[in-house]
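Observations on the model geometry
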Amino acid sequence: AQSVSQHNHHVILSEAASLELGCNYSYGGTVNLFWYVQYPGQHLQLLLKYFSGDPLVKGIKGFEAEFIKSKFSFNLRKPSVQWSDTAEYFCAVTPRGSGGGADGLTFGKGTHLIIQP
Amino acid sequence: DAGITQSPRYKITETGRQVTLMCHQTWSHSYMFWYRQDLGHGLRLIYYSAAADITDKGEVSDGYVVSRSKTENFPLTLESATRSQTSVYFCASSRQNQFRDTQYFGPGTRLTVL
């Protein structure tokens, strides 16, 4: 079974600082990778996803992530954060292959990001 | 476009009672999922369904039952609620399995079991 590790559970930054949230997964095969965001009191929204192709993917609101296969990593980045980026961020993975079925996403435990004005 | 809705949004119940959480999507997505979100655990899959009348267990299915008689609805039932089932429950749907598509989440139901 796959697993996802998010190393930073709580991150506090000032506005305009650069952001990088770590995500590592454990799985022997190929995977699809996602970052979801949950703003306070709201449901999960997709930030970006990687299925195949260019390992540097761009998402909404200026976020990007880079898939490094050799490191089993999919770190999320943003060059300059805003107060409105305060939220919970979840990395998720799902296996891609001939196993069939829809086993659902495996989520990391989340990173609580607080941006101070 | 209503998307995916959940009801109720908040529910308080007592130990031993049966509770049903509703999920409805208007996209005619084939796949639907139930997750629970707990502090320190992220989201964990409870059940999923590939189509009407096809369901399967996820990581934390004990104590839960699902049904899917219609494509658009995927209710989750706690047959005899326990305090450990206090959580936020999210329903999600996707057109195809996650090999090819993104899951879209509902607003969640906050359930408290006293």
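The notes below deal with the structure included here. (Residues numbered from 1 in each chain as written. Chains lettered and ligands numbered in written order. Predicted model: local features only at pLDDT ≥ 70, side-chain atom pairs only at ≥ 80, totals over all residues. Heavy atoms only, no water.)

Right, let's get into the nonpolar core. With 28 residues, the main nonpolar core has Leu33, Trp35, Leu47, Leu48, Phe74, Leu76 and Tyr89 of chain A as its most contacted residues. Going through the elements one at a time, β2 (10-14), β3 (19-21), β5 (31-38), β6 (45-50), β8 (64-68), β9 (73-78), β10 (87-95) and β12 (111-116) of chain A are the ones with two or more residues in this core. Formed by 19 residues, the second largest nonpolar core is a distinct cluster that contains Tyr64, Val66, Leu76 and Cys91 of chain B. (Core = buried A, V, L, I, M, F, W, Y, C linked by side-chain atoms within 4.5 Å. Buried < 20%, exposed > 50% of the residue type's maximum accessible area, 1.4 Å probe, protein only. Helix = DSSP H or I, 4+ residues; strand = E, 2+ residues; numbered from the N terminus.)

We now examine the sheet that holds strand β1 (residues 4-7) of chain B. Residue and element names in this part refer to chain B. Sheet architecture is open: 4 strands sit in the order β1-β3-β8-β7, paired in antiparallel fashion. Two strands lie at the open edges of the sheet, namely β1 and β7 (64-66), each paired on one side alone. Pairwise comparison of adjacent strand axes, ignoring direction, gives a mean angle of 20 degrees for this sheet. Across 4 bridges, β1 lies against strand β3 (residues 19-25) in antiparallel orientation. Within the sheet, the bridge partner assigned to glutamine 6 lies in β3 and is cysteine 23. (Pairing = 2+ DSSP bridges. Axes fitted to C-alpha atoms, helices over the stretch in contact; angles between N-to-C directions.)

Put plainly, a disulfide is one covalent bond tying together the sulfur atoms of two cysteines. Tallying each qualifying case throughout the model produces 2 disulfides over all chains. There is a disulfide in this structure between cysteine 23 of chain A and cysteine 91 of chain A, and the S-S distance comes to 1.9 Å. The disulfide joining cysteine 23 of chain A to cysteine 91 of chain A has a torsion of about -65 degrees about its S-S bond and is therefore left-handed. Residue cysteine 23 of chain A is found in the loop between β3 and β4 (24-26), and its partner cysteine 91 of chain A is found in strand β10; the two are separated by 68 residues along the sequence. Taking relative accessible area as the criterion, cysteine 91 of chain A reaches 1% and is therefore assigned buried. Here cysteine 23 of chain B is linked by a disulfide to cysteine 91 of chain B, with a sulfur-sulfur distance of 1.9 Å. One quick way to see it: the torsion about the S-S bond of cysteine 23 of chain B and cysteine 91 of chain B is about -75 degrees, and its sign makes the bridge left-handed. (Disulfide = S-S within 2.5 Å.)

The next thing to look at is the layout of surface pockets. Taken as a whole, the largest pocket encloses approximately 680 Å³ of empty space. In terms of lining, the largest pocket is formed by 28 residues, of which the most central are Gln38 and Glu88 of chain A together with Gln37, Leu39 and Arg110 of chain B. For the lining of the largest pocket, the secondary-structure elements that each account for two or more residues are β10 of chain A together with β4 (31-38), β9 (87-94) and β11 (109-113) of chain B. Among the elements that line the lining of the largest pocket, the one with the most residues is β10 of chain A, at 3 residues. Approximately 340 Å³ is the volume found for the second largest pocket. Around the second largest pocket, the lining is made up of 18 residues, and of these Gln2, Thr106 and Phe107 of chain A together with Arg44 and Glu59 of chain B lie nearest the centre. Secondary-structure elements contributing two or more residues to the lining of the second largest pocket are β1 (3-5) and β11 (106-107) of chain A together with β5 (42-51) of chain B. For the lining of the second largest pocket, the class distribution of residues is 7 nonpolar, 6 polar and 5 charged. (1 Å grid on protein atoms, 1.4 Å probe; cavity = no way out; pocket = protein on both sides within 12 Å on 5 of 7 lines; lining within 4 Å. Points joined across faces, edges and corners; volume = space filled by probe spheres on them. Nonpolar A, V, L, I, M, F, W, Y, C, P; charged D, E, K, R; others polar.)

Function cannot be inferred from these measures alone, as they are strictly geometric.
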